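Notes for the structure review
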Amino acid sequence: MRAKQSLLALVVIAVLALLVVPGSSTPSPTSADATVAGRPVWKGNCDNPRVRKEWRTLTRQEQISFNEAVQCLKRKPHDSRLRTVAPSHLSGVPNINPKSTFWDDLVYVHATCTPLVHFTGLFLAWHRLFVYNVETELQNCGFPKNLGMPYWNWTLDYKDGLDKAPLWGTEPWQIGPATGTGKNWIVEEFPEMVAYPSPHRISRRYNRHPFRKSVESEVLTSSFAANSKVAATNTKVANNTVLPNHIIQKAKEQTGHTRRSKLAKGEKPESIKPANQPKRLSPSDLAKRFSTEEKAFKGSLSQKVKEDDETTNMTGEEMVSPEAIRWVFEARDGDYETFAQRVEGTPHVAAHESFSIHNLDINYSPESSHFYLHHCMVEQEWYSWQKRSPLNQGAIGGKQTQSEHEGLGVGNAVTYDTILPMAGIWPDQKVRDVLDPRGNAPLCYEYQ
Ligand SMILES: [Cu+2]
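Residues numbered from 1 in each chain as written. Predicted model: local features only at pLDDT ≥ 70, side-chain atom pairs only at ≥ 80, totals over all residues.

**Regarding the UniProt feature "domain: Tyrosinase copper-binding" (unreviewed entry) in the protein chain**
- The UniProt entry lists residues 118–135 under the feature "domain: Tyrosinase copper-binding" (unreviewed entry), expressed in the numbering used here.
- Between the end C-alpha atoms of residues 118–135 the distance is 21 Å, and the span holds 72% helix and 0% strand. (UniProt positions renumbered as here; feature names shortened; annotations may be inferred. Helix = DSSP H or I, 4+ residues; strand = E, 2+ residues; numbered from the N terminus.)

**Section: the confidence of the model for the protein chain**
- Of all residues in the protein chain, 69% have pLDDT values of 70 or greater, and the mean over the chain is 76.
- Here residues 1–33 is modelled with pLDDT under 50, and outside its nearest four sequence neighbours on either side it reaches 21 contacts, counting other chains as well.
- The model gives residues 220–284 a pLDDT under 50, and that stretch makes 99 contacts with residues more than four places away or in other chains. (pLDDT = per-residue confidence, 0-100. Contact = placed C-beta atoms within 7 Å.)

**Quick word on the packing of helix α4 (residues 102–117) against helix α5 (residues 123–140)**
- Orientation of α4 relative to α5, taken along the N-to-C sense of each, is 170°, at an axis distance of 11 Å. Of the possible angle classes, the one that applies to α4 and α5 is roughly antiparallel. Between α4, through Leu106, Val109, His110, Cys113 and Val117, and α5, the contact on the second element is made entirely by Phe123, Trp126, Phe130 and Val134.
- Looking at the contact of α4 with α5 residue by residue, the class counts come to eight nonpolar, one polar and no charged. (Axes fitted to C-alpha atoms, helices over the stretch in contact; angles between N-to-C directions. Parallel < 35°, antiparallel > 145°, perpendicular 65-115°, else oblique. Nonpolar A, V, L, I, M, F, W, Y, C, P; charged D, E, K, R; others polar.)

**Here's the deal with unusual backbone geometry**
- The step from Tyr196 to Pro197 runs through a cis peptide bond, and the omega angle for that step is 0°.
- Within the secondary structure, Pro197 sits in the loop between β4 (193–194) and β5 (200–201).
- Notably, Trp185 is not glycine yet its phi reads approximately 50°, a positive angle.
- Along the chain, the position of Trp185 falls in the loop between α5 and β4.
- For Trp185, a count of 18 C-beta atoms within 10 Å puts it in the partly exposed group.
- We note that Ala423 has phi near 55°; this positive angle belongs to a residue other than glycine. (Buried ≥ 20, exposed ≤ 12 C-beta atoms within 10 Å, placed from the backbone.)

Written out as structure tokens, the structure is:
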């Protein structure tokens, strides 16, 4: 009888806890199993969160320390644990170059995961984990342990121009010019070569109208050239291919193969081709997808899109403006899919596309350190949306396979157990493990 009473008391306490949580706007300590509408809510109780600051609020010394940590990662040798995730015939990414640097490894992790983690339901969760892991690597290279990744709040630059952000420039506390020199826009400050897709120097060019056909065709042509070179030299899948579990599962269902993490030497990649394989979106497919998002945004600005010209003439600045961010945050509480699609398709894409060349080929965009400052801001947008309501804390959505038509993919739905592959460099995690930025392992950070 007593046992029954205490059980009843526990149930009452649990129900009360659930009722209290939705009323609070900040994360409250709750039981690990507590849920809102079937979704996990934050524990939010980690000790000593790393503090992520906006670039311009860092001290000069901290800015210099970030640049030095980046250079340190460029001096570190290739990590032999690196593995291919999406087979090369799906990703278009070349085999691992063992003569590359650890900085190149970071680019490779992103590139080999690209078909799984862009324009799918994994975009926000995967990039959150990726940025956090790189943040740890920067700390191991001398960046202060109490600081997290700096972020670039591009909304502060929408009036003056994204290229006028104080992070650009050639002083030791800046990250290099927004536009390099010469006809290939080489960033002269960085003499080092980056390895992927083939060895080259870092180049960058600011485009005020990144969606104009002329800019797109100029930049995409060079991107295509790089890709076709890769395709020609890369007809076989690396022997050390590791596939994420959901693809292995699919392959198993289709072929009856048992679970495997490696391709045997000489084995044809077709034998493990999943039924619903991620189709690699070409740069022009991606451009189409971007312009769909743009139209939706432009439509929300002017109530209706009158002409195509109107959207292609949009500046990157318009797409990161307070108005654009307001539109992103109009996603109602719990509606992860609307939020995720808008944040990826508009401010995220705009800040990328405003800086070419390789930044228009999303595979290799982390070759420039501003990738991390930019993605840390995208990440903050998600964190802010999550903070707004307990309904958002555990909200996920979208599918696992890229599609030309669906911004968040097609095929299997993303679940709390979907794997976020880290290509052998860091442990893979599940989606549920990265929903709470202050949930202790693996994440513990805060924004300032
Ligand atoms: Cu990315």
